[in-house]
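# Examination of the molecular architecture
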Amino acid sequence: MKRLLLGLVAMALAVSAPASAYAGTGADPAADRGGGRPPGDLRELSQKLRIHMGSAVDVTALAGEADYRAVLNREFTHITAENAMKWESVEPQRGVYTWDDADAIVRNAQRNRQNVRGHTLLWHNQLPAWLTEGVADGSIDAKELRKILREHILTEVGRYRGKVRAWDVVNEVVDDDGAMRQSIWLTKLGPGYIADAFRWAHQADPHAKLYINDYNLEWNTAKIDTTLGIVKDLKAKRVPIHGIGFQGHLGIQYDYPGDFPSVMRTFTDLGLEAAITEADVRMVLPVTPEKLATQADYYTRMLSTCAGNPRCVEFTVWGYTDRHSWVPGFFDGEGAACILDENLAAKPAYRALLGVRRT
Ligand code: G3I
């Protein structure tokens, strides 16, 4: 039964999208100029582009769905835990650590020759209630909060020392208007918390690549400017920051962010490596062939941006299947944001990605 299921999944992925699906994508797998045949899957594409091809992992699906697991492990060379490494997941009660889900994801990655992105050490969301409530009621003061943050980073990074290629050390610390995000970290600890977080992460794993990660950073100039300022400041202070993460949450109802290649270059010119860390391209439902073609175009342009920058090392999708995607739960009437559909069949975006070349 299991073999039959895997066979069906393989067949579904092997079925080419109609030729028209490539219209306007600028990516024709048949026109590979590298001499060889076009890559047959994302692992082969990863080898060809020398870019890690990643996906976020839903830990429940990983444990319970054989077809989900099979495709994840066959296609991807890099993974990010979608929720399992976040603070509320690993320390739901103060001092009580629950590593089972995160461990399972890391173990599965190791068995399947996948690198790991740790996500995320410091964020304003998905913090444990004991922490946010303690800060709100004053039982945790600033001095203690700093100690708690240090302990959290040393503990989590230390646990996965040598097993995580790159950490999203700080996530979404700049607001959409370009101001530093108002969070318990900024208000209680002041802006120095960012440098502290990087230093502690480096102390716990000196070989891990340490990233600042954000959404809308592909195009939002206010956010870009502030983030550039943060990076320059950290570099001037010799704080160990190594990477810039562009989340890449796009929607086809908005224009494609055409400046993304030059934005990425502005950061990599500072000596950072770059990654697209959470790519997905949502649409207003219902799905139509035209929308899928536009989605394929957006995906290929994002991957091409990475392929066009020698310092861009990773392209990770925020879930690879519409069966498990955060989008419908967050954007009313939107969905179908992933490269495979609910049945794990390849969408035009998947086939189009296979045609991306290094430029
Ligand atoms: O685990 C609980 C479960 O016990 C409960 O029964 C259920 C009922 O709602 O909720 C479950 O928690 C959900 C959690 O995902 C795990 O599935 C939360 O409600 C839900 O809000 C949470 O959403 C996650 C979201 O971050 C939170 O902000 C998404 O899955 C996750 O994809 C999303 O990921 C973020 C990145 O970390 C950072 N960048 C943006 C990206 C998309 O929002």
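Residues numbered from 1 in each chain as written. Predicted model: local features only at pLDDT ≥ 70, side-chain atom pairs only at ≥ 80, totals over all residues. Heavy atoms only, no water.

## With respect to the nonpolar core
Formed by 103 residues in total, the largest nonpolar core has its most connected members in Leu-131, Trp-167, Trp-185, Phe-198, Phe-267 and Phe-315. When residues no more than four places from it in sequence are discounted, the contact partners of Phe-198 are Val-169, Val-170, Leu-210, Tyr-211, Ile-212, Leu-234, Val-239, Pro-240 and Ile-241. (Core = buried A, V, L, I, M, F, W, Y, C linked by side-chain atoms within 4.5 Å. Buried < 20%, exposed > 50% of the residue type's maximum accessible area, 1.4 Å probe, protein only. Contact = heavy atoms within 4.5 Å.)

## Overview of the packing of helix 12 (residues 260-268) against helix 13 (residues 289-307)
At their nearest, the axes of helix 12 and helix 13 sit 10 Å apart, and the two run at 35 degrees to each other. When you trace helix 12 past helix 13, the crossing you get is right-handed. Between helix 12 and helix 13, the residues in contact are Phe-260, Pro-261 and Met-264 and Met-302, Thr-305 and Cys-306, respectively. Tallied by class, the residues present in the contact of helix 12 with helix 13 amount to five nonpolar, one polar and no charged. (Axes fitted to C-alpha atoms, helices over the stretch in contact; angles between N-to-C directions. Helix = DSSP H or I, 4+ residues; strand = E, 2+ residues; numbered from the N terminus. Left-handed = near helix turned anticlockwise from the far one by under 90°. Nonpolar A, V, L, I, M, F, W, Y, C, P; charged D, E, K, R; others polar.)

## As for the confidence of the model for the protein chain
Averaged over all residues, the pLDDT of the protein chain is 92; the fraction at 70 or higher stands at 90%. Across residues 1-34, where pLDDT falls below 50, the model places 51 contacts with residues more than four positions away in sequence or in other chains. (pLDDT = per-residue confidence, 0-100.)

## Topic: helix 8 (residues 142-159)
With 18 residues, helix 8 extends 26 Å from end C-alpha to end C-alpha; this agrees with the ideal 26 Å at 1.5 Å per step. Restricting attention to buried positions, one finds in helix 8 the residues Leu-145, Ile-148, Leu-149, His-152, Ile-153, Glu-156 and Val-157. Buried residues along helix 8 cover an arc of 140 degrees about the axis, so they all sit on one side. The outward face of helix 8, more than 90 degrees from its buried face, is lined by the exposed residues Lys-143 and Lys-147. (Expected span 1.5 Å × (residues − 1). Arc of directions from axis to C-beta.)

## A few points about the site of the ligand
Not every one of the 14 residues close to the ligand is listed here, only the nearest: Glu-82, Lys-86, His-119, Glu-278 and Trp-318. Here Asn-83 contributes a side-chain N or O atom positioned 3.0 Å from an oxygen atom of the ligand. Separating an oxygen atom of the ligand from a side-chain N or O atom of Lys-86 is a distance of 2.7 Å. For the ligand, the accessible surface in isolation is 790 Å², of which the surrounding protein chains cover 51%. Of the residues assigned to the shell around the ligand, the class counts are four nonpolar, six polar and four charged. (Near = heavy atom within 4 Å. Polar contact = N/O pair within 3.5 Å; in protein donor to acceptor, adjacent residues only side chain to side chain. Areas by Shrake-Rupley, 256 points an atom, 1.4 Å probe, with all protein chains shown as cover.)

## Considering the packing of aromatic side chains
Scanning the entire structure with this criterion turns up 11 aromatic pairs. Consider the rings of Tyr-97 and Trp-99, whose centres lie 5.5 Å apart with planes at 5 degrees: the pair is stacked. Between Trp-99 and Tyr-160 the ring centres are 5.9 Å apart and the planes differ by 80 degrees, which places this aromatic pair in the edge-to-face class. Placement of Trp-99 in the loop between helix 5 (87-90) and helix 6 (100-111) and of Tyr-160 in the loop between helix 8 and strand 4 (166-171) is noted, with a sequence separation of 61 residues between them. Each of the two residues, Trp-99 as well as Tyr-160, counts as buried. What links up through ring pairs into an aromatic cluster is the set Tyr-68, Phe-76 and Tyr-320. Its end group placed over the ring of Tyr-211, Arg-117 keeps NZ or CZ at 4.1 Å from the ring centre. Note that Arg-282 overlies the ring of Phe-331, its terminal NZ or CZ placed 3.8 Å from the centroid. (Phe/Tyr/Trp six-rings, centres within 6.5 Å; stacked < 30°, edge-to-face > 60°. Lys NZ or Arg CZ within 6 Å of the ring centre and 35° of its normal.)

## Remarks on the side chain of Thr-77
By the element assignment, Thr-77 lies in the loop between helix 4 (66-75) and strand 2 (78-81). A residue is classified by how much of its surface remains accessible, and Thr-77, at 10% relative accessible area, is buried. Non-local contacts of Thr-77, meaning those with residues more than four positions away in its chain, are made with Arg-43, Ser-46, His-52, Met-53, Arg-113, Gln-114 and Asn-115.

## Let's talk about the pairing of strand 9 (residues 312-317)
Most of strand 9 is tucked away, with five of its six residues classed as buried. Two strands pair when backbone bridges link them, and strand 1 (residues 52-57) and strand 9 are joined in this way by four bridges, in the parallel orientation. Its bridge partner lying in strand 9, Gly-54 is registered against Thr-316. As paired elements, strand 8 (residues 273-284) and strand 9 share four bridges and run parallel to each other. Each bridged residue has a counterpart across the sheet, and for Ala-274 the counterpart in strand 9 is Cys-312. (Pairing = 2+ DSSP bridges.)

## What about the pattern of salt bridges?
Taken as a whole and judged by the stated rule, the model has 17 salt bridges. Note that Arg-146 and Asp-196 form a salt bridge whose closest N and O atoms lie 3.1 Å from each other. Taken together, the residues Arg-146 in helix 8 and Asp-196 in helix 10 (residues 193-204) connect sequence positions 50 residues apart. Judged by relative accessible area, which is 39%, Arg-146 ranks as partly exposed. Asp-196 sits in the buried class, given a relative accessible area of 15%. Within this structure, Arg-117, Arg-165, Asp-168, Glu-273 and Glu-314 form a network of salt bridges that share partners. (Salt bridge = Lys/Arg side-chain N within 4 Å of Asp/Glu carboxyl O.)

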